[in-house]
Amino acid sequence: MRFMMLMIPKGYEQAKPGTLPDVEMVTKMSNYNASLQKAGVLLALDGLHPPSMGARVSFPGGRPKVTDGPFSEVKEVLGGYWIIQVKSKEEAIEWAKRCPVIGDQVIEVRQVQELSDFPPDVQKAAHL
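Residues numbered from 1 in each chain as written. Predicted model: local features only at pLDDT ≥ 70, side-chain atom pairs only at ≥ 80, totals over all residues. Heavy atoms only, no water.

Asker: Would you mind showing me how to read the packing of aromatic side chains here?
Answerer: For any pair of aromatic rings, geometry is given as the distance between the ring centres together with the angle between the planes. Enumeration according to the criterion identifies one aromatic pair in this entry. Look at tyrosine 32 and tryptophan 82: their rings are 5.7 Å apart centre to centre, the planes differ by 85 degrees, and that puts the pair in the edge-to-face class. Within this pair, whereas tyrosine 32 is found in helix H1 (residues 23–38), its partner tryptophan 82 is found in strand S5 (residues 80–85), the two being separated by 50 residues in sequence. Sitting over the ring of phenylalanine 71, arginine 56 keeps its end group 4.8 Å from the ring centre. One residue, arginine 98, lies across the ring of tryptophan 95, its end atom 4.3 Å from the ring centre. (Phe/Tyr/Trp six-rings, centres within 6.5 Å; stacked < 30°, edge-to-face > 60°. Helix = DSSP H or I, 4+ residues; strand = E, 2+ residues; numbered from the N terminus. Lys NZ or Arg CZ within 6 Å of the ring centre and 35° of its normal.)

Asker: Would you mind going over the pairing of strand S4 (residues 65–68) with me for this structure?
Answerer: The side chains of a regular strand alternate, first on one face of the sheet and then on the other. As defined by bridge partners, strand S3 (residues 55–58) adjoins S4 across four bridges and the pair is classed as antiparallel. Its bridge partner being in S4, valine 57 is matched across the sheet by valine 66. Following S3, the chain reverses through six residues before pairing antiparallel with S4; glycine 61 in that reversal takes a positive phi of roughly 65 degrees. (Pairing = 2+ DSSP bridges.)

Asker: Can you help me understand the environment of methionine 29 in this one?
Answerer: Tracing the backbone through its elements, the reader meets methionine 29 in helix H1. C-alpha separation for the pair methionine 29 and cysteine 99, spaced 70 residues apart in sequence, amounts to 7.4 Å. Apart from the residues within four sequence positions on either side, methionine 29 is in contact with Met7, Trp82, Cys99 and Pro100. (Contact = heavy atoms within 4.5 Å.)

Asker: What is the right way to look at the environment of glutamine 123 in this model?
Answerer: Along the chain, glutamine 123 turns up in helix H3 (residues 120–126). Setting aside anything within four residues of it in sequence, one finds glutamine 123 in contact with Leu115, Ser116 and Phe118.

Asker: Can you walk me through the environment of proline 64 in this structure?
Answerer: Mapped onto the elements of the fold, proline 64 is located in the loop between S3 and S4. The contact partners of proline 64, leaving out residues within four places of it in the chain, are Val57, Ser58 and Phe59.

Asker: Hey, could you run me through the sheet that holds strand S1 (residues 2–8) in this one?
Answerer: Backbone-to-backbone hydrogen bonds pair the strands of a sheet. The strands run either parallel or antiparallel. A sheet is described by the order of its strands in space; here four strands give the open sequence S2-S5-S1-S6, paired in antiparallel fashion. Bordering the open sheet on either side are strand S2 (42–47) and strand S6 (106–111), each of which pairs with just one other strand. On average, each strand axis in the sheet is inclined to that of its neighbour by 15 degrees, with strand direction left out of account. One ladder, built from six bridges, connects S1 with S6; its direction is antiparallel. Bridging from a neighbouring strand, isoleucine 8 pairs with valine 106 of S6. (Axes fitted to C-alpha atoms, helices over the stretch in contact; angles between N-to-C directions.)

Asker: What is the right way to read the nonpolar core from this model?
Answerer: Side chains that are nonpolar tend, in soluble globular proteins, to be buried together. Core analysis: the biggest nonpolar cluster contains 16 residues, and Met5, Tyr32, Trp82, Ile84 and Trp95 have the highest contact counts within it. Breaking this core down by element, the ones donating at least two residues are S1, H1, S5 and helix H2 (89–97). At four residues, H1 tops the list of elements feeding residues into this core. (Core = buried A, V, L, I, M, F, W, Y, C linked by side-chain atoms within 4.5 Å. Buried < 20%, exposed > 50% of the residue type's maximum accessible area, 1.4 Å probe, protein only.)

Asker: Quick question: what am I supposed to make of the confidence of the model for the protein here?
Answerer: Detail in the predicted coordinates should be disregarded across regions flagged by low pLDDT. The pLDDT averaged across the protein works out to 92; a share of 99% of its residues lies at or above 70. By mean pLDDT, the top-scoring element of the protein is H2 (98), and the lowest-scoring one is H3 (88). (pLDDT = per-residue confidence, 0-100.)

Asker: Would you explain a nonpolar patch on the surface in this entry?
Answerer: The grouping of Val57, Phe59 and Val66 at the surface amounts to a nonpolar patch, some 310 Å² of accessible area in total. Among the structural elements, phenylalanine 59 can be located in the loop between S3 and S4. Given the relative accessible area of 53%, phenylalanine 59 is considered exposed. (Patch = residues over 30% accessible without salt bridge, like charges linked within 9 Å, V, L, I, M, F, W, Y side chains within 5 Å. Areas by Shrake-Rupley, 256 points an atom, 1.4 Å probe, with all protein chains shown as cover. Salt bridge = Lys/Arg side-chain N within 4 Å of Asp/Glu carboxyl O.)

Here you go:
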């Protein structure tokens, strides 16, 4: 089973362009990432620049509307993610609990949908 662990750092929604983690945090996170890799569960990972450097594309009335960051109405934003492959949700949660976080950061754990999760008619429609 694949799971995505989403890092939601409190206050990151207000971070200025170019905000980067300090050396101590990068070291701790690198060690954590190495443990995921050594265990053979890591498939992908990336950190994300702050929302102040991004954009959102919404579709009011079906038409695209671009809003440059920061996004004043947003309360939580992603700071990064990992995709891991483990045997269960419980195992994914155990990995999330080992993450070296600071303050009141949150890691959301979500299972990735697999094509096999869907009924045959949806699987057939998904094969282009």
